[in-house]
Amino acid sequence: MREGAHPGRIAPIPAHNLSSEATQAAGRPSRRHRDGASRMRVGRKSTTREPIIQEPVSSEPAFEPGSEPEAEPEATRREAGVAESARANRGWWDRNADEYQIEHGTFLGDDRFVWGPEGLDEVEAELLGPPEDLKGKAVLEIGAGAAQCARWLAAQGARPVALDVSHRQLQHALRIGAAFPLVCADAAVLPFADGSFDLACSAYGALPFVAEPVQVLKEVRRVLRPGGRFVFSVTHPIRWAFPDEPGPEGLSVASSYFDRTPYVEQDDDGRAVYVEHHRTIGDRVRDVVAGGFRLVDLVEPEWPVWNTAEWGGWSPLRGGLIPGTAIFVCERD
């Protein structure tokens, strides 16, 4: 780990040392699959007592009288490479970190390890192993956001490091409290020595947002010790074939599952401001193998009866019929 990665401090990794891939925050469904997320209020209540970080509020109008307000980005499907994806997503999560924590703070809690919108919790899933076996283990959380998962790991006696590409998300980790290292860096060039960690995890972080996922997997393998486990969750690939609607209209196939063209939001000049990449289940399995891992399990959480939330494309109706999350359990031989 680079110098400066100390508890209670964000360790910045200079931009010129980073690759062009990007990580994302933990536990969150992607933007393509989270429209209307502000309506989601399920799971453990946040214990955060401090307000969300606030910037000084200007008394000036949001735009000049007579001028047009900033246009909403255009959603499209087009190619987006490594550099464009990284630049767009790093900027998007820095700009939207505050809103995200307001919308999802109740669901995520401050120290809960949840794998996806269904609400599957690591305390019951034990995909990283029994909680009692986590004590003393060095664990890297990739795409940590406000480090909710890392905070849960620390409570089990593990020694987590929370990494995210978004400096603003890690500021929220500081706001809640982090007695473990916070590192602002890129998942494709991890700033750690070989064999630094026993375990690694990523809940809806990094992999859906990078153009070259194998590079991320190779980096994770490098920093794991032999026998180390990496568990990551992503939006289930089958969801890409269906529209993001919670009702019956979201149950009819709208596009080809095999169309790997990225989902892009772009401004009026055609510059991407958000990018997400689609991989089929087969692609993900091959990526895992190409990254040097052995696939131990593929978990598709079922929608639980207690979860009555309906937001964006997530709902009990859809969740009861088609999977929403895929969790890959991988080991380094």
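These notes cover the structure that comes with them.

### With respect to the packing of helix H1 (residues 82-108) against helix H4 (residues 167-176)
Inference 1: Orientation of H1 relative to H4, taken along the N-to-C sense of each, is 35°, at an axis distance of 7 Å. Counted together, Trp93, Asp94, Ala97, Asp98, Tyr100 and Gln101 of H1 and His167, Arg168, Gln169, His172 and Arg175 of H4 form the full contact between these two elements.
Inference 2: Across the contact of H1 with H4, the residue classes break down as 3 nonpolar, 4 polar and 4 charged.

### A short note on helix H5 (residues 213-223)
Inference 1: Taken as a whole, H5 has its buried residues at Pro213, Val216, Leu217, Glu219, Val220 and Val223. Burial along H5 is one-sided: seen end-on, the buried residues are contained in an arc of 160°.
Inference 2: Where H5 is buried, its residues touch strand E3 (138-142), strand E6 (197-203), strand E7 (224-235), helix H6 (281-290) and strand E10 (293-299).

### Concerning the environment of Trp92
Inference 1: Tracing the sequence through the fold places Trp92 in helix H1.
Inference 2: The exposure class assigned to Trp92 is buried, which follows from its relative accessible area of 4%.
Inference 3: The spacing of Trp92 and Tyr274 is 182 residues in sequence and 6.2 Å in space, taken between C-alpha atoms.

### A word on the pattern of salt bridges
Inference 1: As enumerated under the stated definition, the model contains 16 salt bridges in all.
Inference 2: Among the ionic pairs, Arg222 bridges to Asp194, the shortest N-O distance being 2.7 Å. A residue pair is termed long-range when its members are at least 10 positions apart, and Arg222 in helix H5 and Asp194 in the loop between strand E5 (182-184) and E6 qualify at 28 residues.
Inference 3: Since its relative accessible area comes to 24%, Arg222 is described here as partly exposed.
Inference 4: Classification of Asp194 by relative accessible area gives exposed; the value is 57%.
Inference 5: For Glu331, the salt bridge goes to Arg229, with nearest N and O atoms at 2.6 Å. In this pair, Glu331 sits in strand E11 (residues 325-332) while Arg229 sits in strand E7, placing the two residues 102 residues apart along the sequence.

### Some remarks on the packing of aromatic side chains
Inference 1: Using the criterion set out here, one finds 13 aromatic pairs in the structure.
Inference 2: Both rings, one in Phe192 and one in Phe197, keep their centres 5.1 Å apart while their planes meet at 90°; by these two values the pair is edge-to-face.
Inference 3: Accessibility expressed as a relative area gives 4% for Phe197, which makes it buried.
Inference 4: Ring geometry for Phe232 against Phe328: centres 5.0 Å apart, planes inclined by 15°, an arrangement best described as stacked. Remark: Phe328 occurs in strand E11 and Phe232 occurs in strand E7; sequence separation between them is 96 residues.

### Concerning the pairing of E3
Inference 1: Of all 5 residues in E3, 5 are buried, a share of seventy percent or more.
Inference 2: Both faces of E3 are covered, namely the face carrying Ala138, Leu140 and Ile142 and the face carrying Val139 and Glu141.
Inference 3: Regarding the hand of the β-α-β motif, the stretch spanning E3, helix H3 (residues 148-155) and strand E4 (residues 159-164) is right-handed.
Inference 4: Direction of pairing for E3 relative to E6: parallel, over a ladder of 3 bridges. For Val139, the partnering residue across the bridge sits in E6 and is Leu199.

### A closer look at the sheet that holds strand E9 (residues 272-276)
Inference 1: Strands sit in the order E2-E8-E9 across an open sheet of 3 strands; the sheet is antiparallel. The strands lining the two open edges of the sheet, one partner per strand, are strand E2 (74-77) and E9. Between one strand and the next, the sheet's axes are offset by a mean angle of 20°, whatever the strand orientation.

Reading the values: rules and limits
- Think of each chain on its own: its residues are numbered from 1, step by step along the sequence as written.
- Confidence filtering applies because this is a predicted model: local features only for residues at pLDDT of at least 70, side-chain atom pairs given and counted only at 80 or more, and all residues used for totals across whole chains, interfaces and linings.
- Hydrogens and water molecules were not included; the side-chain quantities draw on all heavy atoms of the structure.
- Lines fitted to C-alpha atoms define the axes, with helix axes restricted to the stretch in contact, and inter-axis angles between N-to-C directions lie between 0 and 180 degrees.
- Helix numbering and strand numbering both begin at the N terminus, where a helix is a DSSP run of H or I of at least 4 residues and a strand a DSSP run of E of at least 2.
- Any two residues whose heavy atoms approach within 4.5 Å at even a single point are treated as in contact.
- Basically, the charged four are Asp, Glu, Lys and Arg, the nonpolar ten are Ala, Val, Leu, Ile, Met, Phe, Trp, Tyr, Cys and Pro, and anything else, Gly included, counts as polar.
- Buried, partly exposed and exposed residues are distinguished by accessible area as a fraction of the type maximum, computed with a 1.4 Å probe on protein chains only: under 20%, between the cut-offs, and over 50%, respectively.
- The directions from the helix axis to the C-beta atoms are what the arc is built from.
- The salt bridge criterion pairs a side-chain nitrogen of Lys or Arg with a carboxyl oxygen of Asp or Glu, the two atoms within 4 Å.
- Pairs were defined over the aromatic rings of Phe, Tyr and Trp, the Trp ring being its six-membered one, requiring ring centres within 6.5 Å. Orientation was assigned from the angle between planes: stacked under 30 degrees, edge-to-face over 60, tilted for the rest.
- Here is how to tell: hold the view so the strands point away, follow the path from the first strand over the helix to the second, and if it runs clockwise the crossover is right-handed.
- Any two strands are treated as partners once DSSP identifies two or more bridges connecting them.

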